[in-house]
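Coordinates in review
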Amino acid sequence: MSNGNIWMIKKVLSSLGTGLFLAAVFCVAHASVFPQAAANGEGHFKVGERLTYSVDFEKFSNVAYAELYTISKGKIGDLDAVELRGRVKTLDFISAAFYLVDESRTVFVSPDGTPLYITRVQNIGGLPRETIQNNMAAPTGNFDLLSMIYRIRHSGGSGSFSIFENEKVFPVTFQLTGNEKHKTDAGEFETTLHTVQSEYFTEVGIKELRINLSTDEAKVPVAIRFKTAKGEFRAKVASIQNVEPEAEPVPTPSPISTPRPLPTPSPTPRAYVDNQPLLPEISFVLGETLEYSISAAGQPVGTFVLQATERKQFQGLDSLLLTGTVTDATGGIFAKGDGIQAQVNPDTLAPRKLDINLTGPLANLNQTVIFIEKTNLVMFKGTGQVEVPVGTHSILSLVYAIR
């Protein structure tokens, strides 16, 4: 992929911004429709339901993924509530070039679907940034993007309501406009086509927002499409899961007496665990070992092994160690024990460090290279920095990234 293509994708997503991207995916990734009679009780929230989506842009595949999850029913304070969660994250070369979108929302909604308590976490540019909206003392009739998804689901196929985003209230309307057939990784579906309109989408640069819902009882949102000034995004359902809860959980924060202060979530930090499995989007597994024979002039001269060796903390960061080692040599330019090691981001395979250790005639190539994440700077031998094209890989991280 050329640097020009990477630059073009970066400009597109940068111009959209996190708010637009979340609006486009959160607002449509779960927009299935249930009978109007279900809209007045919490029975329509199916605990354990999890939908995941892959997102394509123009000719580029899997630029992001989205997930929607109905986690639990219980109480928040003394109010009945359902816990919903949604996440959007960019993937592959886009994340390797720049850490653009990684946002999650947890929303406790009342039985009628309006938000009671919203936690939004953005993992962009270093430390996570958390914002909280508390509606428990003063209930609102406005939805946020995540609760809006369920509002559309619980409506009768068309309707209108309001959302509160970017410190403003926006009306939203949606309607049935046709029928289509779609095939995705989750199966083949007969669908109804719906259009969604709002000044919010216009304000953030979205137009022609279309949702395809399966015609079966589940009304799964199968495909989502929308256009921007730079091109078209397409999201398709990748998996449909219904996870049975072990017990009826009680959402946090715990009940508090009146007058009720703002809840202050205090999550317990999780201890780091070595060698966690890689994301399912990665095309290889931790521990994978590939052996290659080396030949010269048709004669074998040695063997070379590539391995996804381990996933551990490196300089305080979750990192994947990739190695390439000469395990046998009978002469020539390589010697037994020659090798390359690369520390990379385990989610995006973006390089962090490269160590080259060779002997013989190739010894002059030995060096340590540090890749400064979220920038286009690389440090050689700890002495100086050079500017490189966005998305530049080390030789070893590139071998795995192109897979």
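Treat the numbers as computed from the prediction; the structure is a model and nothing was measured.

**Focus on the overall build of the protein**
Counting secondary structure elements, the protein contains five helices and 20 strands. Split into buried and exposed, the 403 residues of the protein put 45% on the buried side. Counting only contacts in the protein whose residues sit at least 6 apart along the sequence, the fraction spanning at least 24 positions is 50%. Summing over all exposed atoms, the protein offers an accessible surface of approximately 19800 Å²; the carbon and sulfur share of this is 52%.

**A word on the layout of surface pockets**
The calculated volume of the second largest pocket comes to roughly 280 Å³. If you go around the second largest pocket, the residues you meet are R105, I118, R120, T131, I132, Q133, D144, F164, E165, N166 and E167. Of all the elements in the fold, those that place two or more residues in the lining of the second largest pocket are β5 (115–122), β6 (129–134) and β7 (159–165). For the lining of the second largest pocket, the element with the highest residue contribution is β6, accounting for three residues.

**Structural notes on the nonpolar core**
Ranked by size, the top nonpolar core spans 35 residues in total, and within it M148, F161, I163, V196, Y200, F201 and L209 carry the most contacts. Core analysis: the next-biggest nonpolar cluster, separate from the first, contains 21 residues, L306, L320, I356 and L358 among them.

**What about the pairing of strand β4 (residues 102–109)?**
The element β4 is extensively covered by neighbouring structure, given that seven of its eight residues are classed as buried. Where strand β3 (residues 79–90) lies against β4, eight bridges are found, and the strand directions are antiparallel. Residue pairing for β4: L84 is matched across the bridge by V107. Where β4 folds back on β5, the antiparallel hairpin that results is connected by five residues, among which G113 adopts a positive phi of roughly 100°.

**As for the pairing of strand β13 (residues 289–296)**
Of the strand pairs in this sheet, β13 and strand β14 (residues 299–314) are connected by eight bridges, and their pairing is antiparallel. Counted as the bridge partner of L290 is L306 from β14. Turn length for the β13-β14 hairpin, with the two strands adjacent in sequence and antiparallel, is two residues, and the turn residue A297 shows positive phi of about 55°.

**A few points about the environment of K353**
Mapped onto the fold, K353 is located in strand β17 (residues 351–357). A sequence separation of 17 residues divides K353 from I370, and the C-alpha atoms of the two residues are 4.6 Å apart. Setting aside its immediate chain neighbours within four residues, K353 contacts F314, Q341, A342, Q343, T368, V369, I370 and F371.

**Remarks on the side chain of T195**
Counting through the fold element by element, T195 comes out in strand β9 (residues 187–198). Judged by relative accessible area, T195 falls into the buried class, the value being 18%. In contact with T195, not counting residues within four places along its chain, are T173, F174, Q175, T177, L209 and R210.

**Focus on unusual backbone geometry**
A positive phi is found at E58, a non-glycine position, where the angle reads about 50°. For E58, the position within the fold is in the loop between β1 (49–57) and β2 (60–76). Despite not being glycine, E208 shows a phi value in the positive range, around 55°. Among the structural elements, E208 can be located in strand β10 (residues 207–214). Under the relative-accessibility criterion, E208 is labelled partly exposed at 45%.

**Looking at the packing of aromatic side chains**
In total, this model carries eight aromatic pairs according to the counting rule given. Where F57 meets F233, the ring centres are 4.7 Å apart and the plane angle is 45°; that geometry is what we call tilted. Of this pair, F57 sits in strand β1 while F233 sits in strand β12 (residues 232–242), and the two are 176 residues apart along the sequence. Across the pair, exposure class does not vary: F57 and F233 are buried alike. Geometrically, the ring pair formed by F108 and Y117 is tilted, given 6.4 Å between the ring centres and 50° between the ring planes. Using a relative accessible area of 4% as the deciding quantity, one classes F108 as buried.

**Points about the sheet that holds β17**
Strands sit in the order β13-β14-β15-β16-β17-β18-β19-β20 across an open sheet of eight strands; the sheet is antiparallel. Both edges of this open sheet fall to β13 and β20 (384–387), since each of them pairs with a single strand only. Between one strand axis and the next, the sheet turns by 20° as a mean value, whatever way the strands run. As paired strands, strand β19 (residues 377–380) and β20 are joined by four bridges and run antiparallel to one another. For F380, the partnering residue across the bridge sits in β20 and is G384.

**Topic: the side chain of D355**
For D355, the position within the fold is in strand β17. Of note is the side chain of D355, whose polar atom sits 2.8 Å from the side chain of T368. Setting aside anything within four residues of it in sequence, one finds D355 in contact with G339, I340, Q341, Q367 and T368.

What counts and what doesn't
Residues numbered from 1 in each chain as written. Predicted model: local features only at pLDDT ≥ 70, side-chain atom pairs only at ≥ 80, totals over all residues. Heavy atoms only, no water. Helix = DSSP H or I, 4+ residues; strand = E, 2+ residues; numbered from the N terminus. Buried < 20%, exposed > 50% of the residue type's maximum accessible area, 1.4 Å probe, protein only. Contact = heavy atoms within 4.5 Å. Areas by Shrake-Rupley, 256 points an atom, 1.4 Å probe, with all protein chains shown as cover. 1 Å grid on protein atoms, 1.4 Å probe; cavity = no way out; pocket = protein on both sides within 12 Å on 5 of 7 lines; lining within 4 Å. Points joined across faces, edges and corners; volume = space filled by probe spheres on them. Core = buried A, V, L, I, M, F, W, Y, C linked by side-chain atoms within 4.5 Å. Pairing = 2+ DSSP bridges. Phe/Tyr/Trp six-rings, centres within 6.5 Å; stacked < 30°, edge-to-face > 60°. Axes fitted to C-alpha atoms, helices over the stretch in contact; angles between N-to-C directions. Polar contact = N/O pair within 3.5 Å; in protein donor to acceptor, adjacent residues only side chain to side chain.

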